[in-house]
Amino acid sequence: MSSNSSQQQQSGAGNGVADLAQGMNRMNLGGDARSYVPPHLRNRSGAPAPGGALRATPEPRLLVPLHRAGTRPEPVVRIAPASGSRRVPRSVSAYWDPRQGATSWPPRDERLEGSLYKSAHVATGINFSKYDDIPIEASGNDVPNGISKFEEADLDPLLIENIALANYATPTPVQKYSIPIVEAGRDLMACAQTGSGKTAGFLFPILNEMFKKGPPAPTSGPGGRNNVVCPMALILSPTRELTSQIYDESKRFAYRSWVKPVVIYGGVPMREQSYNLSRGCDLLVATPGRLVDMMDRGYVSLRHVKYLILDEADRMLDMGFEPQIRRIVEQMDMPPLEERVTLMFSATFPREIQYLARDFLGDYIFLSVGRVGAASENVTQQIVEVYENEKYDVLLDILNTEPAGADNLTLIFVETKRNADMLANYLYDANFPAAAIHGDRDQRERERALYSFRTARTPILVATAVAARGLDIPNVMHVVNYDLPNDIDDYVHRIGRTGRAGNTGKATAFFAPDKNRNIVRELIGILRDANQEVPEFLERAANEYAFGGRGGFGGRGGGRGGRGGRNAATRDFRQEADYKTYTPAPRSAYGNGGGWGDDSWGPPPSSGSYGGGW
DNA sequence: AAAAAAC
């Protein structure tokens, strides 16, 4: 791929941030170490406010696991060790002076940086500059102006350094607005295309606020209890792997700061997670189930949450999720919406989510980037007509024609967990290195599968919906919808696993005429919106399926997007002539009208081996 | 109907 050009393209813009960061670094070296509250003492009863009287002698009993302790001994403020002499433990954070803010930070740690940032791929692809052409709409009262460079925002110098370390040079459209919006203390409902930097879109602003404001004054937990962890920021996401990914990202940007991120999710023993919690937690990344469990057990309280983020919010209102979410947000000890900043992020915007928005957000700003619910134009979509019993052969054809490999990771979606296992086994037996991921595998297997996919040990991953959302895996070049989902939004999310951050990718879907008629109209809509060719057999199927379904008016996209029916960003930006820079692979062996980028999509699905009329 | 998410 053209990773070279994308790197070069970035280097110009990147230097600005890097230089600035270096300057900041120098400025802050040698600052006085002031009162320092270790993470595990923050937010606990009786701890003196930052900057309070210093007590030199630490209490040894502090090391007792916190959730076992009855009453805390009087907490202690330790004087931070002189920097440089010894390797600073990871949990040690910036030296904080309430009068001056952060005065100095722990020295940089090369080894830690190596592990933190090595998997941080270059955040900008060949088409990154296209983001400038994406229509952005921000509506609401007193919408703050967006920024166009990181330098324009009043970003904390440490955050700027970490952004530079992570190789982020230019803010994406979401980030351009989310930063000033949160800075203004506003709530946000953000709808942005897959792969457009939503995670950093909420991490940057909340970490920025936290860095600038400093650690909260220590307070007691519920009922005066002090053995409960009270994070200041809470990030909820629908799958364990996504949660873990957000956590990794948060560690990158919280590096060397006082903010201690912790992650909790199900499927693994609680011990390690509760131990991590007990060591202090300022930013908690969680899946809903495990969080509720932890709260029921009294490990976590949300009473000091100032920032609440719901990622993939559209997924959060599925049956089974919404009650949990409402319980967390409305029925535990979360501060009411006036006392917190709430951000909701989503790539699509179904009507139901507006109810969540109404209940969870105050006077919020609605931000839409691109056309809501649309697929990225960086993904070349091809639909092939394949009957159920032909799918496997067609798939083998594809894999033979375009072998999966380290720079051509291939992600295959199926509808059922059983099929995921079966297909992966078939492929494995046919000498295609494949792994499977789905919700019935235990967490170790899930993580192993994802790891061996990321590292291209098995460059083919067969997945259920568990991998449909949010996962950011570099080099996923091809998404195959072996089974089309029943929900068009799922389709959009799935193909969003490729073509990320301005890179290109392709998506092939097996359209089974006997099964997939229900989404045919919406599928055509998605293809048109993304400036993709619509094969003739789809049109035909749509005509023959003129009634019922979700199709027609308001079925998808902007129609149900805005409040008051207002469409989000309606301009079709996918008309630019220079968009079609992507030169696709030669057409593959499975003929079904046209190959990649071949502007003529060939004859209607011929009577060939598959397809044909029905 | 299936998938995800707690033990």
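Residues numbered from 1 in each chain as written. Chains lettered and ligands numbered in written order. Predicted model: local features only at pLDDT ≥ 70, side-chain atom pairs only at ≥ 80, totals over all residues. Heavy atoms only, no water.

1. Side note on the overall build of chain A
Inference 1: Counting its secondary structure elements, chain A contains 16 helices and 18 strands.
Inference 2: The buried share among the 614 residues of chain A stands at 59%.
Inference 3: In chain A, the proportion of contacts linking residues at least 24 apart, taken out of those at least 6 apart, comes to 78%.
Inference 4: Just so you have it, chain A exposes about 24400 Å², and 48% of that area is on carbon and sulfur atoms. (Helix = DSSP H or I, 4+ residues; strand = E, 2+ residues; numbered from the N terminus. Buried < 20%, exposed > 50% of the residue type's maximum accessible area, 1.4 Å probe, protein only. Contact = heavy atoms within 4.5 Å. Areas by Shrake-Rupley, 256 points an atom, 1.4 Å probe, with all protein chains shown as cover.)

2. Description of the sheet that holds strand S12 (residues 365–369)
Inference 1: With mixed pairing, the eight strands of this open sheet are ordered in space as S5-S12-S6-S11-S10-S7-S9-S8. At either margin of the open sheet sits one strand with a lone partner, and together these are strand S5 (136–139) and strand S8 (261–264). Put simply, the sheet's adjacent strands are angled 15° from each other on average, direction ignored.
Inference 2: Bridge count between S8 and strand S9 (residues 283–286): four bridges; the pairing is parallel. (Pairing = 2+ DSSP bridges. Axes fitted to C-alpha atoms, helices over the stretch in contact; angles between N-to-C directions.)

3. Focus on the domain arrangement of chain A
Inference 1: Domain annotation for chain A reports domain 1 (105–215 + 228–369) and domain 2 (379–545).
Inference 2: Look at where the C-alpha atoms of domain 1 and domain 2 centre, and you get two points 28 Å apart. (Domains from an automatic or database assignment.)

4. Side note on the packing of aromatic side chains
One pair of aromatic rings is described through two measures. These are the centre distance and the angle between the planes.
Inference 1: One pass over the full model with this rule turns up nine aromatic pairs.
Inference 2: Ring plane angle 50° and centroid distance 5.6 Å describe the contact between Tyr482 and Phe510, whose orientation is recorded as tilted. Highlighted residues: Tyr482 in the loop between strand S17 (476–481) and helix H14 (488–495) and Phe510 in strand S18 (residues 505–511), separated in sequence by 28 residues. For the pair Tyr482 and Phe510, a shared accessibility class is recorded, and that class is buried.
Inference 3: Each member of the aromatic cluster is reached from another via a ring pair, and the members are Phe150, Tyr168, Phe204 and Phe253.
Inference 4: Positioned above the aromatic ring of Tyr255 is the side chain of Arg256, whose terminal nitrogen or guanidinium carbon lies 5.9 Å from the ring centre. (Phe/Tyr/Trp six-rings, centres within 6.5 Å; stacked < 30°, edge-to-face > 60°. Lys NZ or Arg CZ within 6 Å of the ring centre and 35° of its normal.)

5. Observations concerning the protein's contact with DNA strand B
Inference 1: What surrounds DNA strand B is a group of 24 residues, the closest being Arg290, Lys417, Gly439, Arg446 and Thr464.
Inference 2: In DNA strand B, atoms within 4 Å of the protein come from the sugar-phosphate backbone in 77% of cases.
Inference 3: A distance of 3.2 Å separates a phosphate oxygen of DNA strand B from a polar atom in the backbone of Gly267.
Inference 4: In this structure, Lys417 approaches DNA strand B through a main-chain N or O atom, which is 2.3 Å from a phosphate oxygen.
Inference 5: With three residues, the top contributor of residues to the surface near DNA strand B is helix H8 (residues 288–296).
Inference 6: Split by residue class, the surface near DNA strand B holds five nonpolar, 11 polar and eight charged. (Near = heavy atom within 4 Å. Polar contact = N/O pair within 3.5 Å; in protein donor to acceptor, adjacent residues only side chain to side chain. Nonpolar A, V, L, I, M, F, W, Y, C, P; charged D, E, K, R; others polar.)

6. Structural notes on helix H15 (residues 520–529)
Inference 1: Among the 10 residues of H15, seven are classified as buried, and the element is accordingly described as predominantly covered.
Inference 2: Those residues of H15 that sit buried are Val520, Glu522, Leu523, Ile524, Ile526, Leu527 and Asp529.
Inference 3: Phi for Asn531, located one or two positions after H15, is positive at around 60°.

7. Looking at the packing of helix H4 (residues 173–183) against helix H5 (residues 198–213)
Inference 1: Between H4 and H5, the shortest axis-to-axis distance is 8 Å and the interhelical angle comes to 30°. In the crossing of H4 with H5, the sense of the turn from one axis to the other is right-handed. Every residue of H5 that contacts H4 at Gln175, Ser178, Ile179, Val182 and Glu183 is listed here: Ala200, Gly201, Phe204, Pro205, Asn208, Glu209 and Lys212.
Inference 2: Across the contact of H4 with H5, the residue classes break down as five nonpolar, four polar and three charged. (Left-handed = near helix turned anticlockwise from the far one by under 90°.)

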